[in-house]
Amino acid sequence: MKKLKTIVLSCSLLLLSSGCGMKTDQQAAGTLYEKNFVYFDTVISLQFYADENGSDLMNHCVDMCGEYEQTFSRTLESSELYAINHRTSNTVTVSDDMAELISVGLKYYHISDGKFDITVAPLSDLWDFKSEDATVPAQEDIEAALEKVGADQISLSGNTLTFSSDDVMIDLGALVKGFAADHIKSYLTEHDVTSGLLNLGGNVLAIGNRPDGAQWSIGIQKPFDDKEPVADVVKVTDKTVVSSGIYERYFKQDGVIYHHILDPDTGYPIQNDLWGVSIICDSSLTGDALSTTCMTLGYEKAAKLINSLSDTEAEFILTGCELKKTF
């Protein structure tokens, strides 16, 4: 059986810069501080303008990501989420941050009619899209994993999390980057940063405008096209652009694409008319939840959902790279 290697990561948002800002504009905004590092299984790129305290601010942002890794990592044995998933009791007291993210996950579980499911971990482990040797699991293994999936088997009251089954595990990977991006932006703006761009593996969050006053330009990636990789460019001020797509993590087997957005009802990758979606809104956490939710719903239901929300826009890439927008 011939199979192509897994493509583990595909940057779904491209940062486009005109480079036309005057030096005096940059000086007015402060010194440019930049740093690339890895957390949450993704490359994080931070850039912002600040005064002489910029290095301290950057170090604190890196530390914040480390703290969120210690809270939300499903694989790090010292993390809070690891302890929850390996609990000895099905009633657990969780931190405020954990309660917030689980609450958001349960909210979008209901909005998506169960398609956005933070208990999909057993299926994710089975498919293992991060592996170079990923392959379609056996049907009996998928059926066994499905018995452990279902966010209706957990409930949250304040900081008390209750499981109705020993087998249920939580995975917050679809939300943690947005959560971190929002908190990093809040921290920087509280310390007088007025211009910057935060990129957490496809979660792009703009602070203000560029130093020259122009809006930030964010390119939306065209799926499966290396020659013309940009499907569209959006310009934003103090907004986030968050993308999800079937091209982010996938492999091909027997000519069929198997991607990482799994259907908790079937155990297989979601099948609909969407290749990708980009959400433009104020909160990166909201963008995270909405982008994945929209991918699970398909274009018609997703567009209806976005049109029902205020201060929220979306760009949908349908099968064959047809671009549709909601404004």
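Up top you'll find the structure we're talking about.
Residues numbered from 1 in each chain as written. Predicted model: local features only at pLDDT ≥ 70, side-chain atom pairs only at ≥ 80, totals over all residues. Heavy atoms only, no water.

Novice: Is there a simple way to think about helix α6 (residues 139-146) in this case?
Specialist: At 3.6 residues per turn, the α-helix brings residues three or four places apart onto the same side. Along α6, the residues classified as buried are I142, A145 and L146. When α6 is viewed along its axis, its buried side chains cluster within an angular range of 100° and face the same direction. Contacts from the buried residues of α6 go to α5 (121-127). (Buried < 20%, exposed > 50% of the residue type's maximum accessible area, 1.4 Å probe, protein only. Helix = DSSP H or I, 4+ residues; strand = E, 2+ residues; numbered from the N terminus. Arc of directions from axis to C-beta. Contact = heavy atoms within 4.5 Å.)

Novice: What is the right way to look at the pattern of salt bridges in this model?
Specialist: Following the criterion strictly, the structure yields 10 salt bridges and no others. Salt-bridge contacts for R210 lead to D212; the nearest nitrogen and oxygen are separated by 3.7 Å. Looking at D212, the relative accessible area reads 23%, which means it is partly exposed. Taken together, the shared-partner salt bridges in this structure form one network comprising R74, D125 and D171. (Salt bridge = Lys/Arg side-chain N within 4 Å of Asp/Glu carboxyl O.)

Novice: Help me understand the state of the cysteines, please; the structure alone is not making it clear to me.
Specialist: Cysteine pairs can be linked by a disulfide, which is a covalent bond between their two sulfur atoms. For the structure shown, the criterion picks out 0 disulfides. Free cysteine: C281, not disulfide-bonded; nearest cysteine sulfur from C294 at 10 Å. (Disulfide = S-S within 2.5 Å.)

Novice: What's the story with the environment of I279 in this structure? I'm lost.
Specialist: Of note, I279 is situated in strand β14 (residues 274-281). Owing to a relative accessible area of 0%, I279 belongs among the buried residues under this scheme. Taking the C-alpha atoms as reference points, I279 and C294, 15 residues apart in sequence, are found 9.3 Å from one another. Apart from the residues within four sequence positions on either side, I279 is in contact with T240, V241, V242, G287, L290, S291, C294, I306, T312, E313 and A314.

Novice: What's the story with the environment of E315 in this structure? I'm lost.
Specialist: Mapped onto the secondary structure, E315 falls in strand β15 (residues 313-318). Through-space distance from the C-alpha of E315 to that of L297 is 14 Å; in sequence the pair is 18 residues apart.

Novice: In this structure, what is going on with the nonpolar core? I would like to understand it.
Specialist: One broad trend across soluble globular proteins is that nonpolar side chains are buried collectively. Of all hydrophobic cores here, the largest spans 70 residues; its most connected members are I170, L172, L188 and F316. Other than its neighbours up to four places away in sequence, L188 contacts F48, L57, C61, V193, L198 and I207. In this structure, W127, A134, V149 and Y258 belong to the second largest nonpolar core, which totals 12 residues. (Core = buried A, V, L, I, M, F, W, Y, C linked by side-chain atoms within 4.5 Å.)

Novice: Just to check I follow, could you spell out the packing of aromatic side chains for this structure?
Specialist: Aromatic rings considered in pairs are described by the distance between their centres and by the relative angle of their planes. Here the structure, examined in full by the defined rule, presents 16 aromatic pairs. Between Y39 and F40 the ring centres are 6.1 Å apart and the planes differ by 45°, which places this aromatic pair in the tilted class. Aromatic pair F224 and Y250: ring centres 5.4 Å apart, planes at 85°, arrangement edge-to-face. Highlighted residues: F224 in the loop between β9 (216-221) and β10 (230-236) and Y250 in strand β12 (residues 250-253), separated in sequence by 26 residues. A cation over an aromatic ring shows up here: R87 above the ring of F163, its NZ or CZ 3.5 Å from the ring centre. (Phe/Tyr/Trp six-rings, centres within 6.5 Å; stacked < 30°, edge-to-face > 60°. Lys NZ or Arg CZ within 6 Å of the ring centre and 35° of its normal.)

Novice: Looking at this structure, how should I read helix α8 (residues 284-297)?
Specialist: Here α8 spans 20 Å end to end across 14 residues, near enough to the 20 Å set by a 1.5 Å rise per residue. N-cap assignment for α8: the residue whose side-chain oxygen lies 3.3 Å from the backbone N of L285 is S283. After α8 finishes, the residue G298 shows a positive phi value of roughly 85°. (Expected span 1.5 Å × (residues − 1). Polar contact = N/O pair within 3.5 Å; in protein donor to acceptor, adjacent residues only side chain to side chain.)

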